[in-house]
Structures are given as C-alpha cells and as structure tokens.
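Commentary on secondary and tertiary structure
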Amino acid sequence: MKIDNNFYMKLAIDEAWKYQLLTYPNPAVGCVVVKDGQLLSIEAHKEAGTPHAEVNALKAAYLKIYPNSVLKTKNNPNEIHEYLIENHNNFFNDCEIYITLEPCNHVGKTPSCANLLKELKPKKVIIAHEDTNEVANGGLETLKNANIECELGCMKKEAYDLLYPFLKWNSGTFIFYKMAQTLNGSIDGKISGNSAKAYVHALRDKTDLLLIGGNTVRNDKPTLDARYIVGNAPNVMIYSKNKIFDNNIPLFKIPNREVFISNDLFKLLDYKFVMVEGTYNLLNILKEKLDYIVLLINPKIRNGANALNEIDIDFEIIHENFIGKEKVVYLKRIS
C-alpha cells in the first residue's frame, strides 16, 4: 500500500499548531507514528521541560497496542526514554515516524530524541524541516549513521511556518498581536468565551513582555494577568506619551511584575517574546513590526467599533484552528 507522506505530515503539523507559542522557548513540534499502515498516534510537544513530540508519540503508539503496559504511568521524559529502550522488543521496526522538525541531537532538559530513535530503529523517519539550532541539530545524521532510512523536506514550507516563531525569538525578537472580534469585526465589549480566555491567559503566562495601548488601559481598566490558568502575570509596557494613569487600575496592583510606560517601541527589542493586546489603532501603529497576528473570532454578530478606514494591511493565513466554539486564525503580514 502506497503511503501518503503529506497526509501524515499534515496531521503532525496540525497537532503542533495546537500548542504554537505555548512551548516557548522551545519550538512547536508534532509527530505521527504509523505501523503497517495503521495510524497509531498523533502527538505534539506541549510545554518546555515536558516530553518532546517524538517521545509523546512513541509512548502513545506503544500503549495503543499494549494498553496495560506500565509505560502509561511514566510521564518523566527520562523514564519514558529508558522504558522504551529497554522494552521495545523491535516494536517500532516496521513503523514510519513523521516529525515536523529534525529530532534533537543533544541532552538538555530532556534526553536526545535522535538517540532514542537510533535505539528503537524504526523502518523510516520522515522529517519536514531541518533543525537550524546549532546546539540541537545533527539528529538526521545520527539516524542515517544508524542505518535508518530518512527523508527530509516533506511539507517543508508548512513546517517552516510552524517553526517561524522559534527562529525569530532565537535570533532576536518575535512580536505577535492578539485581537478578538466578532464575525462582523466588532471589537467592543466582552467578546471571547471561557476557552478562548484561558488560551489568552496561557499565552500571557509564556511571554516576556505584554504591550498594550494607553487608551485601552484608561478605558478598560484591565488586570492583564493569567489567573484563568493560575499562571504568571507578564511584565507590561503601556504604549503612551501621557504617563499619567490612575494607580487604582488593577494591572498596577499585581505583585511580582514590572509595569512601565513608554512610547519608545525600540524597547520591545530588549525582549525575545512579545505579546501585544489592543485594537485597530495600535495595530496600525505596529504593523511594520509584527510577525504574527493571532485573531480570535467569536461566532456572533454585534454592533461596535470596526476597522479604521485608513488601515490598509494584507495578510497571509498561516493556520486556522478552533478553541471551543471560537476560531483562531494565525496571520502573517504580506510585505
């Protein structure tokens, strides 16, 4: 039976997008395991310090066939690696492994995925994009030296779009703009449901800096924390020429965070991972500096403020998925 590599790689890419930006400072990575034409697992890396996508997928694939294995009790990356190496019994020899990014070749917070695959000896490893990180790359060579058949470049463009934030924050600053709206583009009032709010709070928990406009702070009096997930409140830069604010606004009362007021956007370059929350005014000001827009669309139509007439920006849709009932659209500005 002919295997459609693009079909399985897309499953891996789509799974990784569910955790895009939430894996900071690691890249979002997806992995799929296929055994004798049977799809065994679709997994992703979910958070820095937790098992990588390959480990999650290999574990899930093994448990698909051996659901009562003691492996299901193991969540530590080192323990999963050790168990699979000692107990695989050639289980993966007839498997194809699809990975969106070249397996890591170094031991960091977790063991080397390339070394794990070398020991498990799958039939073939299909990789979408090479790892450009000099510390972690070399996994493809490790696999080839172990006489494992490898293929590089399957859906490489789509994998690059997935990898892009990681490449940016590793080489400088990645800036993304989060905005919520209704189907007709209204941005007024409370728009997002609880699932989307929890997602936004998860993003805040990961960012180095949150940028927000001064008028939004004065009008909305936000808190800008991550309480929905009991996460860390990000440091905040308020973009404003006028530095006078009511100190009773909740965002100023959150402990263990830095809040500063400035109209110098070059300050953003002091950080690696910057999240912007705001409306069309701030979007227009920042449009030349943004890498991504994360647009949350609630499926309702409401009266309210819409796009400014003078805004003129073209975007490419990089990816779409759903959080609860709401659509999340990842956009990249077309230069």
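As a starting point, this report considers the structure included with it.

Basis of the calculations
- Residues numbered from 1 in each chain as written.
- Predicted model: local features only at pLDDT ≥ 70, side-chain atom pairs only at ≥ 80, totals over all residues.
- Heavy atoms only, no water.
- Axes fitted to C-alpha atoms, helices over the stretch in contact; angles between N-to-C directions.
- Helix = DSSP H or I, 4+ residues; strand = E, 2+ residues; numbered from the N terminus.
- Parallel < 35°, antiparallel > 145°, perpendicular 65-115°, else oblique.
- Left-handed = near helix turned anticlockwise from the far one by under 90°.
- Contact = heavy atoms within 4.5 Å.
- Nonpolar A, V, L, I, M, F, W, Y, C, P; charged D, E, K, R; others polar.
- Salt bridge = Lys/Arg side-chain N within 4 Å of Asp/Glu carboxyl O.
- Buried < 20%, exposed > 50% of the residue type's maximum accessible area, 1.4 Å probe, protein only.
- Pairing = 2+ DSSP bridges.

On to the packing of helix α3 (residues 77–87) against helix α4 (residues 113–120), then. Where α3 meets α4, the closest approach of the two axes is 9 Å, and the angle between their N-to-C directions is 15°. As judged from the angle between their axes, α3 and α4 are roughly parallel. In this structure, the crossing between α3 and α4 has a hand that is left-handed. Contact residues: His 81, Leu 84 and Ile 85 in α3; Cys 113, Leu 116, Glu 119 and Leu 120 in α4. Here the residues of the contact of α3 with α4 are counted per class, giving five nonpolar, one polar and one charged.

Turning next to the side chain of Thr 216. Tracing the sequence through the fold places Thr 216 in helix α8 (residues 214–220). Sequence-distant contacts of Thr 216, that is, excluding residues within four places in its chain, are made with Lys 221 and Pro 222.

This brings us to the packing of helix α2 (residues 53–65) against α3. Where α2 contacts α3, the two axes come as close as 11 Å, and the packing angle between them is 50°. The angle between α2 and α3 falls in the class oblique. As α2 runs across α3, the sense of the crossing is left-handed. Contact with α2, carried on its side by Val 55, Leu 58, Lys 59 and Tyr 62, involves Ile 80, His 81, Tyr 83, Leu 84 and Asn 87 of α3 and no other residues of that element.

Next up on the list: the pattern of salt bridges. Enumeration over the complete set of coordinates arrives at 18 salt bridges. The shortest N-O distance in the salt bridge between Lys 168 and Asp 291 comes to 2.6 Å. Here Lys 168, found in helix α6 (residues 156–171), pairs with Asp 291, found in the loop between α9 (280–286) and β11 (292–298); they are 123 residues apart in sequence, far enough to count as distant. Put simply, Arg 227 and Asp 225 hold a salt bridge, and the shortest N to O gap is 2.5 Å. You can call Arg 227 partly exposed: its relative accessible area is 47%. By sharing partners, the salt bridges in this structure join Glu 47, Asp 205 and Lys 206 into a single network.

This paragraph deals with the sheet that holds strand β13 (residues 326–333). The eight strands are arranged β9-β8-β7-β10-β6-β11-β13-β12 in an open sheet whose pairing can be described as mixed. At either margin of the open sheet sits one strand with a lone partner, and together these are β9 (259–262) and β12 (315–323). Sheet twist, expressed as the average angle between the axes of neighbouring strands with direction ignored, equals 25°. Relative to β9, strand β8 (residues 236–239) runs parallel, the two being bridged by four bridges. In the strand pairing of β9, Val 236 is matched with Val 259.

Strand pairing in a sheet is mediated by backbone hydrogen bonds. Such pairs are either parallel or antiparallel. Strand order in the open sheet formed by five strands is β2-β1-β3-β4-β5, with mixed pairing between adjacent strands. Two strands in the sheet have a free side with no partner beyond their single neighbour: β2 (38–44) and β5 (149–152). The mean angle between the axes of side-by-side strands here comes to 15°, regardless of whether they run parallel or antiparallel. The sheet contacts of α2 involve β1 (30–35), β2 and β3 (95–101), and relative to β2 the element is tilted by about 145°.

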